[in-house]
Amino acid sequence: MGYRRHNNNYNAGTRPRARPRAVRARRRESRGRRGNRQRIPRAAVPVTARQAAPPCPAIMGPMSPFLYAVLAAAALALLAAAAVFNRMIRLRNKVRRALQDIDVQLDLRQSLLPNLNRVAAGYAAHEREVLERAARARREAASARGTAERGRRELALAEALRGVLLLAERYPDLKADSSFARLAEETVRVEDHLAAARKYYNGAVRAYNTFIQSLPVNLLAALFRFSPAEYFQAELEEGEAE
């Protein structure tokens, strides 16, 4: 390019002259010297002259069978803990649902008692003690706290309610009253449902308490604060009285 740029004959449209033989020989010699230049090995270069390469991360080799066994045992333990936790949740929810069923029946019984007292008072006014005991038992059952205490109060209410129903045996006019007969029939039906709900609840409590108190589940139950549930003592005390 330099030869063409400075050659007037080339710009004039004439054919450029051939390069001298000496120039071509010097260029070939220069290329040969560059090709035969001796390369300095990397080890001969001082460390300070070399660019420090970043350290390569260690490549993890194949894991040993012992490590595989440890990981497998940890995974199995985690799955077992999750299964135990889920079962504790199911049993506790079962206990809570059963207690809600008992509450429904207790509310129905307490709503029937004032009506029974009002109808019975019209025929057995001198049986004031029986009626007052039933009303007092109803108030105490409504103010009870805790499952066990409420069970004892509800047992006293059930006995007072039976005393009101027995008034019909001593007063034929009261027994013939249609309102009292209807209320007595509803009371008996509620008592039957309540007995079944108590039995179901106590069975659920027994299964739940047995599970969380057994080894090694009790360790996980203590960790997640699962506490034993209380029995509804009315069923047990009725069985002892009979």
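Going by the structure above, here's the rest.
Scope of this entry: the structure provided in the associated data block. In this convention, every chain numbers its residues from 1, walking through the sequence in written order. It should be noted that, the model being predicted, local features are given only for residues of pLDDT at least 70 and side-chain atom pairs only at 80 or more, the latter also being counted only at that level, while totals for whole chains, interfaces and linings use all residues. The basis for the side-chain values is all heavy atoms of the structure; hydrogens and waters are excluded.

**Quick look at the packing of aromatic side chains**
For any pair of aromatic rings, the description consists of the separation of the ring centres together with the inter-plane angle of the planes.
Here is step 1 of the chain: Two aromatic rings from Phe, Tyr or Trp, using only the six-membered ring of Trp, form a pair when their centres are within 6.5 Å; if the ring planes differ by under 30 degrees the pair is stacked, by over 60 it is edge-to-face, and anything between is tilted. Within the structure shown, the criterion is met by two aromatic pairs.
Here is step 2 of the chain: For the ring pair F85 and F224, a centre distance of 4.9 Å and an interplane angle of 55 degrees mean the geometry is tilted. Note that F85 is positioned in helix α4 (residues 65-123) and F224 in the loop between α9 (217-223) and α10 (234-241), a separation of 139 residues in sequence.
Here is step 3 of the chain: The classification of residues rests on relative accessible area computed with a 1.4 Å probe and restricted to protein chains. Under 20% of the type maximum is buried, over 50% is exposed, and intermediate values are partly exposed. On the basis of relative accessible area, F85 is assigned to the partly exposed category, the value being 27%.
Here is step 4 of the chain: By relative accessible area, F224 is classed as partly exposed at 42%. Per the convention used, a helix needs a DSSP run of H or I reaching at least four residues, while a strand needs a run of E reaching at least two, with both numbered from the N terminus.

**Looking at the pattern of salt bridges**
Here is step 1 of the chain: Salt bridge criterion: a side-chain nitrogen from Lys or Arg within 4 Å of a carboxyl oxygen from Asp or Glu. Throughout the structure, instances matching the rule amount to eight salt bridges.
Here is step 2 of the chain: For D107, the salt bridge identified is with R150, shortest N-O distance 4.0 Å. Of this pair, D107 sits in helix α4 while R150 sits in helix α6 (residues 147-170), and the two are 43 residues apart along the sequence.
Here is step 3 of the chain: Of the charged contacts in the structure, one is a salt bridge between R150 and E154, with a shortest N-O distance of 3.9 Å. Remark: E154 and R150 occur in helix α6; sequence separation between them is four residues, near one turn of the helix.
Here is step 4 of the chain: The structure contains a network of salt bridges with shared partners spanning D103, D107, R109, R150, E154 and E191.

**Section: the nonpolar core**
Soluble globular proteins: nonpolar side chains tend toward being buried together.
Here is step 1 of the chain: Residues grouped as a nonpolar core are buried Ala, Val, Leu, Ile, Met, Phe, Trp, Tyr and Cys residues, joined through side-chain atoms within 4.5 Å. Formed by 22 residues in total, the largest nonpolar core has its most connected members in L116, A120, V164, L167, L174 and F180.
Here is step 2 of the chain: Put simply, the parts of the chain that give this core at least two residues each are α4, α5 (128-142), α6 and α8 (178-212).
Here is step 3 of the chain: Per-element accounting of this core gives the leading share, six residues, to α6.
Here is step 4 of the chain: If you look at the next biggest cluster of nonpolar residues, it comprises 20 residues, including Y201, V205, V217 and A229.

**Overview of the packing of α6 against α8**
Here is step 1 of the chain: Fitted lines through C-alpha atoms give the axes, limited to the stretch in contact for helices. The angle between two N-to-C directions lies from 0 to 180 degrees. Between α6 and α8, the least distance of the axes is 12 Å, while the angle of their chain directions is 150 degrees. In terms of axis orientation, α6 runs roughly antiparallel to α8. The two elements α6 and α8 meet at a crossing, and its hand is left-handed. Between α6, through T147, L161, V164, L165 and A168, and α8, the contact on the second element is made entirely by F180, A184, T187, E191 and Y201.
Here is step 2 of the chain: By the convention adopted, Pro, Cys, Tyr, Trp, Phe, Met, Ile, Leu, Val and Ala count as nonpolar, Lys, Arg, Asp and Glu as charged, and the other residues, Gly among them, as polar. Here the residues of the contact of α6 with α8 sort into seven nonpolar, two polar and one charged. Any angle that falls under 35 degrees is termed roughly parallel, while one over 145 is termed roughly antiparallel, one within 65 to 115 roughly perpendicular, and all others oblique. Crossing handedness: left-handed means the near helix sits turned counterclockwise from the far one by under a right angle, and right-handed means the same turn made clockwise. Note on contacts: a residue pair qualifies if any of its non-hydrogen atoms lie within 4.5 Å across the two residues.

**Observations regarding a nonpolar patch on the surface**
Here is step 1 of the chain: Together, F66, L67, V70 and L71 make up a nonpolar patch on the protein surface, roughly 380 Å² of accessible area in all.
Here is step 2 of the chain: As for its placement among the helices and strands, F66 is situated in helix α4. For patch detection, residues must exceed 30% relative accessible area and be free of salt bridges, and they are connected within 9 Å for like charges or within 5 Å for nonpolar side chains (Val, Leu, Ile, Met, Phe, Trp, Tyr). What sets the accessible areas is the Shrake-Rupley method with a 1.4 Å probe; for residues, cover comes only from the shown protein chains.

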